[in-house]
2 protein chains.
Amino acid sequence: MEPIKRVAIIGGTHGNELTGAYLIKKFEQFPALVRRSTFETITLFGNPRAFEMGRRYLDKDLNRCFLTKDLLNPTLSTYEDQRAKTIHHLLGPKGHPAVDLILDLHSTTANMGITLILSSHHPFNLQLAAYLSQLDPQIRVFSWGQSSQDSSLLRSLCEQGLAIEVGPVAQGVLHAEFFQRTEALVHQILDYLERTNQGNPPSIARNLTLYQFIGSIDYPRDEKGDIQAMIHPKLQGKDYEPLRPGDPLFLTFDNQTIAYKGELTVYPVFINEAAYYEKGIAVYLAKLQPLYI
Amino acid sequence: MEPIKRVAIIGGTHGNELTGAYLIKKFEQFPALVRRSTFETITLFGNPRAFEMGRRYLDKDLNRCFLTKDLLNPTLSTYEDQRAKTIHHLLGPKGHPAVDLILDLHSTTANMGITLILSSHHPFNLQLAAYLSQLDPQIRVFSWGQSSQDSSLLRSLCEQGLAIEVGPVAQGVLHAEFFQRTEALVHQILDYLERTNQGNPPSIARNLTLYQFIGSIDYPRDEKGDIQAMIHPKLQGKDYEPLRPGDPLFLTFDNQTIAYKGELTVYPVFINEAAYYEKGIAVYLAKLQPLYI
C-alpha cells in the first residue's frame with residue numbers, strides 16, 4: 001500500500017456539534033499534538049460561521065453540499081455552497097484528492113456511543129476500523145455502502161477515511177467525556193498511520209462486523225408535514241439494539257403505539273437525532289454485516 | 001383564598017424546547033383535556049416562528065423580554081419584543097394580570113429530571129409545589145427568589161404560577177417520556193385547582209425544601225470570550241448533588257482540573273445547559289432552603 005502523506009482532520013462541519021469544533025480549535029492551538037513524523041496533518045474548521053451562530057448551518061447543511069455536480073455548479077452560492085467549494089479546492093478534487101485520509105468529527109443526540117462511519121469499504125478503512133474496534137470493543141462501525149463516490153457528504157472527497165460520531169450529546173453542548181474519547185481516537189488513528197507508514201503495522205483481527213445501512217423511517221406526519229407521533233419510549237436510546245417486527249416504534253400524542261412493520265429484525269441508529277426531523281428521518285435502519293477482511 | 005378563574009398554559013416560549021411546544025399543540029387540538037368545571041384554561045404557543053425555524057429564538061430570548069420597562073418601550077421592535085408585548089396584552093398587565101396562574105413548559109439539556117421553578121413565594125405556589133412533590137418525591141423545587149416583580153421572565157406576568165423544567169433533553173428533540181411526565185403534571189395541577197376551587201383541597205405536607213438560587217459561574221474564557229474549559233466530567237449530569245469546596249468544576253482543554261473555590265457546599269443546577277453558554281452561565285448554584293408552609 002502507498003504510504004499516507006497527508007491527513008485532514010475536520011471538525012465543526014456542523015456548527016452546533018461542539019466536540020469536533022473545540023477539538024479543531026485545540027489542535028490549531030497545539031499543532032504538535034497531531035504532528036507525526038511520516039505524514040502531514042491538516043486541521044480544518046468546517047463551518048465557522050454556523051459555529052459562531054450556534055447553529056448546524058446558516059442556509060443549508062454543509063455536509064450535504066459535496067455532490068460533484070453541486071461543487072461544479074456556479075449558480076449555487078449560499079454560504080455553505082461556497083464553503084463546500086473552498087473545502088473541495090483545499091482537499092479535493094474527488095477522485096484525485098490532495099489528502100490521503102479524511103477524519104470528520106461529529107456528534108449526535110442519539111445514544112450511539114462511539115461510532116465510526118466509513119467513507120467507503122476501501123480495505124484501508126476496514127482495517128483501520130477493525131483495529132480501533134479491537135482497542136475498544138464498545139466501538140461500533142456503521143457504513144452507508146461500499147462506495148461514497150456520488151455522496152453529498154464532505155468525507156466523500158476521499159475514499160480513505162471515516163467520521164467519528166459520538167453521542168448522546170445535545171446540540172450546542174460540549175461534553176468533556178466525549179471530547180476526551182474523540183481526542184483519544186484521533187491519536188490512536190494517527191499513531192496507526194505512523195506505524196503503518198513505518199512498515200510496522202499493528203496486528204489486526206480479520207473479523208469485523210458492520211452495521212450496514214438499509215433504509216430509514218420518517219415520523220408519521222399530517223398533510224401539512226407536522227409530526228403526529230414521537231419515538232416510542234421503549235425505542236428511545238436503544239440505538240444498535242435489535243428492533244423486531246411488531247416492536248414499538250412510535251407513540252402518537254394520544255398514546256397509541258405504532259409498531260415496526262418490517263419483516264426482518266433490524267438495528268436502528270440515529271434514533272431521534274435532532275437534526276434529522278427536517279430531513280424526514282426518525283431513525284436509520286441497519287443490518288448486521290459480518291466481514292472477513 | 002380567591003378562587004382561580006383563568007389559567008394560562010404556555011409552551012414553545014423557546015422554539016427548540018419541543019416538549020412544551022407539542023403539548024400546547026395537543027391541548028389546542030383537544031381542548032377538552034385541559035378544561036375543568038370551575039375555571040377557564042387558555043393555551044398559548046409562546047414563540048411560533050422560532051419553533052418553525054427550530055431555534056430558541058429569532059432575535060432575542062423571548063423569556064428575557066418581560067421587564068416592565070421593556071414591555072412599555074415602543075422602540076423595542078424585534079419579533080420577540082413584539083411577541084412579548086402581545087403576550088403581555090393577552091395575559092397582563094403585571095400587577096393586575098388577566099389570568100390567575102401561569103404554567104410555562106420548558107426543557108433543559110441539563111440532567112434536572114422534573115423541576116418546578118416557582119414564579120414567586122406566594123403561599124399558593126408553595127402549597128402547589130408541596131402537593132406535587134408529595135405526589136412524586138423525585139420532583140425538585142427551584143426558586144429565583146421570593147418575588148418576581150421585576151423579572152424579565154414570561155411567568156413574572158403573574159405572581160401565581162410556575163415553570164415545569166424537564167431534562168436532560170437535547171434542543172430540537174421530542175422525548176416521549178418527558179412529554180408524558182409533563183402532561184401528567186399539568187393534569188395534576190389542573191385537578192388540584194379544581195379541588196381547591198370546589199373547597200375540597202387535598203391535604204398537603206407542611207414541609208417543603210426549596211433549592212434557592214444564590215449565584216452562577218461562567219466558563220473560564222479568554223480575552224475574546226472563547227471558553228477555555230468544559231464542565232468537568234465528574235460534575236456533568238450531577239445537577240442537585242452537593243458541590244463542595246475543592247470539588248472538580250471545569251476541565252481545561254489541556255486536561256487541567258479547575259476546582260470549585262466557594263467556601264460553602266452548594267447545589268448546582270442547569271449544569272451545561274446549551275442555551276446558557278451565550279449568557280455567560282456554566283452552572284447555577286443553589287442552597288437548600290427548608291420551609292415550613
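Residues numbered from 1 in each chain as written. Chains lettered and ligands numbered in written order. Predicted model: local features only at pLDDT ≥ 70, side-chain atom pairs only at ≥ 80, totals over all residues. Heavy atoms only, no water.

The name recorded for chain A in an unreviewed UniProt entry is Probable aspartoacylase, from Thermocoleostomius sinensis A174. Listed under Catalytic activity (unreviewed entry) in UniProt, the entry text for chain A is "an N-acyl-L-aspartate + H2O = a carboxylate + L-aspartate". (UniProt positions renumbered as here; feature names shortened; annotations may be inferred.)

Novice: Just to check I follow, could you spell out the domain arrangement of chain A for this structure?
Specialist: A common measure of how large an interface is: the accessible area buried when the components associate. Residue and element names in this part refer to chain A. Each assigned domain of chain A is listed here: domain 1 (6-205) and domain 2 (210-292). The C-alpha-based centres of domain 1 and domain 2 are spaced at 25 Å. With 22 residues of domain 1 at the interface, the matching set in domain 2 holds 20 residues. Counting the surface lost from both domain 1 and domain 2, the interface buries some 1800 Å², and carbon and sulfur atoms represent 57% of this. For the salt bridge of lysine 279 with aspartate 61, the shortest nitrogen-to-oxygen distance reads 2.7 Å. (Domains from an automatic or database assignment. Contact = heavy atoms within 4.5 Å. Buried area = accessible area lost by both parts, 1.4 Å probe. Salt bridge = Lys/Arg side-chain N within 4 Å of Asp/Glu carboxyl O.)

Novice: Before we go on, may I ask you to explain the environment of B:Ala274 in this structure?
Specialist: Relative to the helices and strands, B:Ala274 resides in the loop between β11 (267-269) and β12 (283-292). For the pair B:Ala274 and B:Ile189, spaced 85 residues apart in sequence, the C-alpha separation works out to 29 Å. The residues contacting B:Ala274, other than those within four sequence positions of it, are A:Gln171, A:Gly172, A:Val173, B:Thr109 and B:Gln171. (Helix = DSSP H or I, 4+ residues; strand = E, 2+ residues; numbered from the N terminus.)

Novice: Sorry, what's going on with the packing of helix α5 (residues 123-135) of chain A against helix α6 (residues 176-197) of chain A here?
Specialist: Helix-helix packing is described using two parameters, namely the angle between the two axes and the distance between the axes. All names here are of chain A. Two elements in contact, α5 and α6, have axes separated by 11 Å at closest approach and are oriented at 125 degrees. Judged on the interaxial angle alone, α6 and α5 are oblique. Taken as a pair, α5 and α6 cross one another with a handedness that is right-handed. Taken together, the residues of α6 that come into contact with α5 (itself represented by Phe124, Gln127, Leu128, Tyr131, Leu132 and Leu135) are Leu185, Gln188, Ile189, Tyr192 and Leu193. Here the contact of α5 with α6 is built from residues that sort into nine nonpolar, two polar and no charged. (Axes fitted to C-alpha atoms, helices over the stretch in contact; angles between N-to-C directions. Parallel < 35°, antiparallel > 145°, perpendicular 65-115°, else oblique. Left-handed = near helix turned anticlockwise from the far one by under 90°. Nonpolar A, V, L, I, M, F, W, Y, C, P; charged D, E, K, R; others polar.)

Novice: Can you help me understand the UniProt feature "active site" (unreviewed entry) in chain A in this one?
Specialist: Residue and element names in this part refer to chain A. Look at the UniProt record and you will see "active site" (unreviewed entry) annotated at Glu165. Tracing the chain through its elements places glutamate 165 in strand β6 (residues 161-167). Residues contacting glutamate 165, with those up to four places away along its chain left out, are His106, Ser107, Thr108, Gly113, Ile114, Thr115, Ile117 and Phe270. Separated by 3.4 Å, the side chain of glutamate 165 and the backbone nitrogen of serine 107 make a polar contact. (Polar contact = N/O pair within 3.5 Å; in protein donor to acceptor, adjacent residues only side chain to side chain.)

Novice: Which parts of the structure should I look at to understand the packing of aromatic side chains?
Specialist: Two numbers describe a pair of aromatic rings. These are the distance of the centres and the angle of the planes. Residues and elements named next belong to chain B. Under the counting rule described, the total for this entry stands at 34 aromatic pairs over all chains. Aromatic pair tyrosine 211 and tyrosine 267: ring centres 5.9 Å apart, planes at 70 degrees, arrangement edge-to-face. Note that tyrosine 211 is positioned in strand β7 (residues 207-217) and tyrosine 267 in strand β11, a separation of 56 residues in sequence. The same class applies to tyrosine 211 as to tyrosine 267, namely buried. Plain terms: the ring middles of phenylalanine 270 and tyrosine 276 are 5.3 Å apart, the flat faces sit at 50 degrees to each other, and that makes the pair tilted. (Phe/Tyr/Trp six-rings, centres within 6.5 Å; stacked < 30°, edge-to-face > 60°. Buried < 20%, exposed > 50% of the residue type's maximum accessible area, 1.4 Å probe, protein only.)

Novice: What's the story with the relation of the copies chain B and chain A in this structure? I'm lost.
Specialist: Relative to chain A, chain B is turned by 180 degrees and slid 0.0 Å along the rotation axis, the superposed coordinates differing by an RMSD of 0.0 Å. The superposition of one copy onto the other is thereby described by a two-fold rotation axis. Among all residues of chain B, the minimum C-alpha distance to the rotation axis is found for B:Ala170, at 2.2 Å. (Least-squares fit on C-alpha atoms with pLDDT ≥ 70 in both.)

Novice: Just to check I follow, could you spell out unusual backbone geometry for this structure?
Specialist: With an omega of 0 degrees, the peptide bond running from B:Gly92 to B:Pro93 counts as cis. For B:Pro93, the location among the structural elements is in the loop between α4 (79-91) and β3 (101-107). Omega for the peptide link from B:Gly167 to B:Pro168 comes to 15 degrees, which places this bond in the cis form. Checked against the element boundaries, B:Pro168 lands in the loop between β6 (161-167) and α6 (176-197). Even without a glycine there, the phi angle at A:Asn272 is positive, about 60 degrees. Assignment of secondary structure puts A:Asn272 in the loop between β11 (267-269) and β12 (283-292).

Novice: I would appreciate a short explanation of the pattern of salt bridges in the present structure.
Specialist: Opposite charge on two side chains lets them pair, provided their charged atoms get close. The final tally for this structure, using the stated rule, is 22 salt bridges over all chains. The closest approach of N and O atoms between B:Glu183 and B:Lys26, which form a salt bridge, is 3.0 Å. In this pair, B:Glu183 sits in helix α6 while B:Lys26 sits in helix α1 (residues 18-29), placing the two residues 157 residues apart along the sequence. Residue B:Lys26 is classed as buried on the basis of its relative accessible area of 6%. Here B:Arg36 ties to B:Asp191 by a salt bridge, and the two come within 2.8 Å at their closest N and O atoms. Of this pair, B:Arg36 sits in the loop between α1 and β2 (40-45) while B:Asp191 sits in helix α6; the two residues are 155 residues apart in sequence, bridging distant segments of the chain. Ionic contacts of the salt-bridge type, sharing partners, join the residues A:Glu17, A:Arg56, A:Asp61 and A:Lys279 into one network.

Novice: Even after reading the chapter, I still don't get the pairing of strand β5 (residues 140-143) of chain B, so can you show me in this structure?
Specialist: Every other side chain in a regular strand lies on the same face of the sheet, so the side chains alternate between the two faces. Residues and elements named next belong to chain B. Across four bridges, strand β4 (residues 113-118) lies against β5 in parallel orientation. Across the sheet, the residue bridging to leucine 116 is valine 141, located in β5. Considered for its hand, the β-α-β crossover made up of β4, helix α5 (residues 123-135) and β5 is right-handed. Both β5 and β7 contribute to a ladder of two bridges, which runs parallel. Along β7, the bridge assignment pairs serine 143 with glutamine 212. (Pairing = 2+ DSSP bridges. Right-handed = clockwise from strand over helix to strand, strands pointing away.)

Novice: Whenever I open this one, the interface of chain B and chain A confuses me. Can you help?
Specialist: Facing the 28 residues of chain B at the interface are 28 residues of chain A. Summed over both partners, the interface of chain B with chain A buries about 2500 Å², with 62% contributed by carbon and sulfur atoms. When the buried surface of chain B facing chain A is broken down by residue, B:Leu174, B:Met230 and B:Phe253 rank first, second and third, together holding 21% of it. Inspection of the region where chain B meets chain A yields two salt bridges. For B:Lys25, the salt bridge goes to A:Asp226, with nearest N and O atoms at 3.6 Å. Joining chain B to chain A, the criterion identifies six residue pairs in polar contact (both at pLDDT 80 or more). Within the residue set of the side of chain B that touches chain A, elements represented by two or more residues are α1, α6 and β8 (229-231) of chain B.

Novice: Just to check I follow, could you spell out the nonpolar core for this structure?
Specialist: Across soluble globular proteins, you tend to see nonpolar side chains buried next to one another. One finds A:Ile9, A:Leu193, B:Ile9 and B:Leu193 to be the most contacted residues of the largest nonpolar core, which totals 134 residues. Once residues lying within four places of it in the same chain are set aside, the contact partners of B:Leu193 are B:Ile4, B:Val7, B:Phe39, B:Leu101 and B:Phe124. (Core = buried A, V, L, I, M, F, W, Y, C linked by side-chain atoms within 4.5 Å.)

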